[in-house]
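The residues making up each chain are set out below.
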Amino acid sequence: MKKQLLNRYFLWSNMVFYAPIALLIRTERGITLSEFFYLQAVLSITIFFAEIPLGMITDRIGYKKSMVMSQGLLIIARIVLYFAQTFSVFFFEAVLEGVSFAFHSGTLTAYVYEVFGKEEYAEKMASLSNYGTVGFFISTIGFYFLSRNFHQDALIVFTILTGIIAFIFILPLDEVKRKKRTQIKVSFQWEYLKIMFLNSVLSISYLLVNFFYVGLLQELGISESYMTAFILVYSAIGCLGPILVRKRRFFSTRKNLSFYYGWAMLFFLLLGKLKNYTLFIFMVILPPTLQMIGIYLGEFEQRAIDRWDKDQRATLLSLFSMGANGMDTVFLLLSSQIVRQSFRPIFHAVALIYGILAFTMGRKNRA
């Protein structure tokens, strides 16, 4: 029953019908482009500062309650978005959404790990990702038809409704039984920095896909409108995740990370070098590779927490995510200078990092 409820939650929560016109919704209501980026900064800053406090709260109240609060706040944020007409209201919406994301950070993966155990974690997360992909497909196709027949406000309404349905599927979930603690305290370890770095590399990799794939198309004289087709194709390939997990279930987490780090190194290197249509192949293979890295990195984090402090799981996962958010900011600032000449050196640099990670992860067979 829990499996079906989580599957349905992932399906409905990933239906965001207004996502393709998120910018347009704001600019048509008087928000300038610079104000839009300021609002995005507000969202990121809110997540950054709320991560640790809300992780500690999650460890006190339980994963299910945290998931309920996260989804509830997200629904409220989208209701506020529907009525927003001024910058101050959009600002409030960004803060609500940031708190929702911070509550959600690490909570769901921690819940899956606690409920299904370390042996089933990777395959279960790959399966849940597939349900999220189906939800994404439905909302992408739905956007096409809804936008042709309804005003953009209807897209927000449909997203609110799917959010409410997702919320309903959380309510019957069982809470993870936890020992009562009078105090929660995170004692910093240097090993945390290693995991924060691994999270940062993965996060930066997704930024490259999201920001610079369009640049790769434009260099070949192809319209950015074709990005939708690329997104749909690599999302469909990502549905092979559960099969890939089963194929490598006898390998350790480190070995699996080393394996996919090696492929990511190759793909980033080729995307930085190729200047012909051959790069299309690697453009659609790289994101599913990053997805697999995300699954095994999540497993790596959970098993590390098992060794350190199980009772602070959500707090530590929030700490790891917080580090990635900080590195994203640094990366974006550096990239703004580098891309004035060419963005391809960034692909080369990330390829080098993945090569080093593949080597170091492959040396130790412990996870």
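Look a little higher up for the structure.
Asker: Requested: an account of the overall build of the protein, with residues and values cited.
Answerer: The helix and strand tally for the protein stands at 14 helices and 0 strands. Of the regular secondary structure in the protein, the N- to C-terminal order runs α-α-α-α-α-α-α-α-α-α-α-α-α-α. Considering the protein as a whole, with its 367 residues, one finds that 50% of them fall into the buried category. For the protein, restricting intrachain contacts to residue pairs at least 6 apart in sequence, the fraction spanning at least 24 positions comes to 85%.

Asker: With reference to specific residues and values, describe helix H5 (residues 87-104).
Answerer: Given a rise of 1.5 Å per residue, 18 residues ought to cover 26 Å, and the 26 Å separating the end C-alpha atoms of H5 matches this to within 8%. Within H5, burial applies to Phe-90, Glu-93, Ala-94, Leu-96, Glu-97, Gly-98, Ser-100, Ala-102 and Phe-103. The inward-facing, buried residues of H5 abut helix H2 (22-27), helix H3 (33-61), helix H4 (63-83) and helix H6 (107-149). Two residues or fewer after H5 comes Gly-106, characterised by a positive phi angle close to 80°.

Asker: Requested: an account of the nonpolar core, with residues and values cited.
Answerer: Ranked by size, the top nonpolar core spans 79 residues in total, and within it Leu-6, Tyr-213, Tyr-261, Phe-268, Leu-271, Ile-293 and Tyr-354 carry the most contacts. Broken down by element, the residue count for this core peaks at 14 residues, all from helix H12 (residues 279-308). Not counting residues up to four positions away in its chain, the partners in contact with Tyr-261 are Leu-198, Ile-293, Tyr-354, Leu-357, Ala-358 and Met-361.

Asker: Give me the environment of Met-15: which residues, what numbers.
Answerer: Within the fold, Met-15 resides in the loop between helix H1 (2-13) and H2. Between the alpha carbons of Met-15 and Thr-133 there is a distance of 9.3 Å; along the sequence they are 118 residues apart. Residues within four places of Met-15 in sequence aside, it is in contact with Gly-135, Ile-138, Ser-139, Thr-159 and Thr-162.

Asker: Tell me about the pattern of salt bridges, residues and numbers included.
Answerer: Scanning the entire structure with this criterion turns up 4 salt bridges. Arg-26 is paired through a salt bridge with Glu-93; the nearest N and O atoms lie 3.3 Å apart. Of this pair, Arg-26 sits in helix H2 while Glu-93 sits in helix H5, and the two are 67 residues apart along the sequence. Take Glu-93: its relative accessible area is 2%, and that puts it in the buried class.

Asker: So what's going on with the side chain of Gln-71? Residues and values would help.
Answerer: As for its placement among the helices and strands, Gln-71 is situated in helix H4. When near neighbours in sequence (up to four residues on either side) are disregarded, Gln-71 contacts Tyr-9, Gly-163, Ala-166, Phe-167 and Ile-170.

Scoring rules and cut-offs
- Residues numbered from 1 in each chain as written.
- Predicted model: local features only at pLDDT ≥ 70, side-chain atom pairs only at ≥ 80, totals over all residues.
- Heavy atoms only, no water.
- Helix = DSSP H or I, 4+ residues; strand = E, 2+ residues; numbered from the N terminus.
- Buried < 20%, exposed > 50% of the residue type's maximum accessible area, 1.4 Å probe, protein only.
- Contact = heavy atoms within 4.5 Å.
- Expected span 1.5 Å × (residues − 1).
- Core = buried A, V, L, I, M, F, W, Y, C linked by side-chain atoms within 4.5 Å.
- Salt bridge = Lys/Arg side-chain N within 4 Å of Asp/Glu carboxyl O.

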